[in-house]
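Each chain is listed here by its residues.
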Amino acid sequence: MCRWLTYCGDPIYLDKVLFEPRNSLISQSLRARHSHVTTNGDGFGIGWYGERPTPGVYRDILPAWNDQNLKSLAHQIRSGLFLAHVRASTGTATSRANCHPFAHGKWLFMHNGQIGDWSLIRRKVEELIPDSYYNARLGTTHSEAVFLAILGAGADRDVVGATSRVLAIVAEIVRASGPHERVRFTAALSDGKRMFAFRFATDDTATSLYYSDAGDHVVVVSEPLDQDRSHWK
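About the thresholds
- Residues numbered from 1 in each chain as written.
- Predicted model: local features only at pLDDT ≥ 70, side-chain atom pairs only at ≥ 80, totals over all residues.
- Heavy atoms only, no water.
- Axes fitted to C-alpha atoms, helices over the stretch in contact; angles between N-to-C directions.
- Helix = DSSP H or I, 4+ residues; strand = E, 2+ residues; numbered from the N terminus.
- Parallel < 35°, antiparallel > 145°, perpendicular 65-115°, else oblique.
- Left-handed = near helix turned anticlockwise from the far one by under 90°.
- Contact = heavy atoms within 4.5 Å.
- Nonpolar A, V, L, I, M, F, W, Y, C, P; charged D, E, K, R; others polar.
- Pairing = 2+ DSSP bridges.
- Buried < 20%, exposed > 50% of the residue type's maximum accessible area, 1.4 Å probe, protein only.
- Polar contact = N/O pair within 3.5 Å; in protein donor to acceptor, adjacent residues only side chain to side chain.
- Salt bridge = Lys/Arg side-chain N within 4 Å of Asp/Glu carboxyl O.

Colleague: Help me understand the packing of helix H4 (residues 118-126) against helix H6 (residues 142-152) in this model?
Modeller: In helix packing, the relevant descriptors are the interaxial angle and the interaxial distance, both defined with respect to the helix axes. Two elements in contact, H4 and H6, have axes whose closest approach is 10 Å; the angle formed by their N-to-C orientations is 20 degrees. Taken together, the axes of H4 and H6 lie roughly parallel to each other. For the element pair H4 and H6, the recorded crossing hand is left-handed. Across from Trp 118, Val 125 and Glu 126 in H4, the residues of H6 making contact are His 142, Ala 145 and Val 146. Per-class residue counts for the contact of H4 with H6 are four nonpolar, one polar and one charged.

Printed below as a string of structure tokens:
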């Protein structure tokens, strides 16, 4: 399973949460503690909002712990809203187009989890993407497909409603594909002004998700960045 984090609050340098904490996201790319997959080395990505309405994105197929460009960028980029993701592939190719976060216009999206057996349901899920968004599909992951389906379902008007509608349909598609197939979905979605985080599963084994609200900022993570559990919910 992948690991990710999102930050929303007073602007900080990205390395403050990507590199500095004891269990930072970069540390999790090597040794995740709340996942049955401990190494997340199939690429990484960061997406951040600055003074322009569309986000900046940097993604690569190198393991996050082995990319000096990421370390340099995180030391220089300052943002009040950003997403970061380290990837463990569930079957699709390791390519830059398949690395999170995914961007379209003002939107950023990243995901961790499982959406059934993708080889069985890919065509049906991709049919949920309207023609006006389908040309934006660059990779082959279920994550990007669900992201574009959510945008096409009316995220501009109602992010939570659009996400709920798409997940309900996807859950039915997965259920019909086999009795043992499951949806496990944790995701972050942002329009540059608001951050939404989701945790959903069709069984009782949802993937981990935590958040910390410090007043001047909120951090949502796949697993805590430190050992002090008193401020993680």
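Colleague: Even after reading the chapter, I still don't get the sheet that holds strand E5 (residues 102-104), so can you show me in this structure?
Modeller: Two strands in a sheet stick together by hydrogen bonds in their backbones, pointing the same way (parallel) or opposite ways (antiparallel). On the basis of which strands lie adjacent, the open sheet formed by four strands has the order E5-E6-E7-E8 and antiparallel pairing. Every interior strand has two partners, whereas the edge strands, E5 and strand E8 (195-201), have only one. Mean inter-strand twist for the sheet, computed between neighbouring axes without regard to direction, equals 20 degrees. The pairing of strand E6 (residues 107-115) with strand E7 (residues 183-190) spans eight bridges and is classified as antiparallel. Opposite Gln 114, over in E7, you have Arg 184 as the bridge partner. The sheet strands contacting H6 are E5, E6 and E7, and the helix crosses E6 at an angle near 125 degrees. Against the sheet, helix H7 (residues 159-177) engages E6, E7 and E8, with an angle of about 25 degrees to E8.

Colleague: I would appreciate a short explanation of the pairing of E7 in the present structure.
Modeller: Each regular strand shows side chains that alternate between the opposite faces of the sheet. In terms of residue burial, E7 counts as a mostly covered element, since eight of its eight residues are buried. With seven bridges connecting them, E7 and E8 associate as antiparallel partners. Across the sheet, the residue bridging to Ser 190 is Met 195, located in E8. Connecting E7 to the next strand, E8, in antiparallel fashion are four residues, including Gly 192 with a positive phi near 95 degrees.

Colleague: I'm lost on the side chain of Glu 144 in this one. Help?
Modeller: Looking at where Glu 144 falls in the secondary structure, it is placed in helix H6. Look at Glu 144 and you get buried, because its relative accessible area is 4%. One polar contact links the side chain of Glu 144 to the main-chain amide nitrogen of Gly 139, over a distance of 2.9 Å. Those residues in contact with Glu 144, other than ones at most four positions away along the chain, are Phe 102, Ala 136, Arg 137, Leu 138 and Gly 139.

Colleague: For this particular structure, what's the right way to read the pattern of salt bridges?
Modeller: Any two side chains of opposite charge can pair, so long as their charged atoms come close to each other. One pass over the full model with this rule turns up twelve salt bridges. Among the salt bridges present, the one from Asp 191 reaches Arg 194, with a minimum N-O distance of 2.8 Å. Salt bridges sharing common partners tie together Arg 122, Glu 126, Arg 137 and Glu 144.

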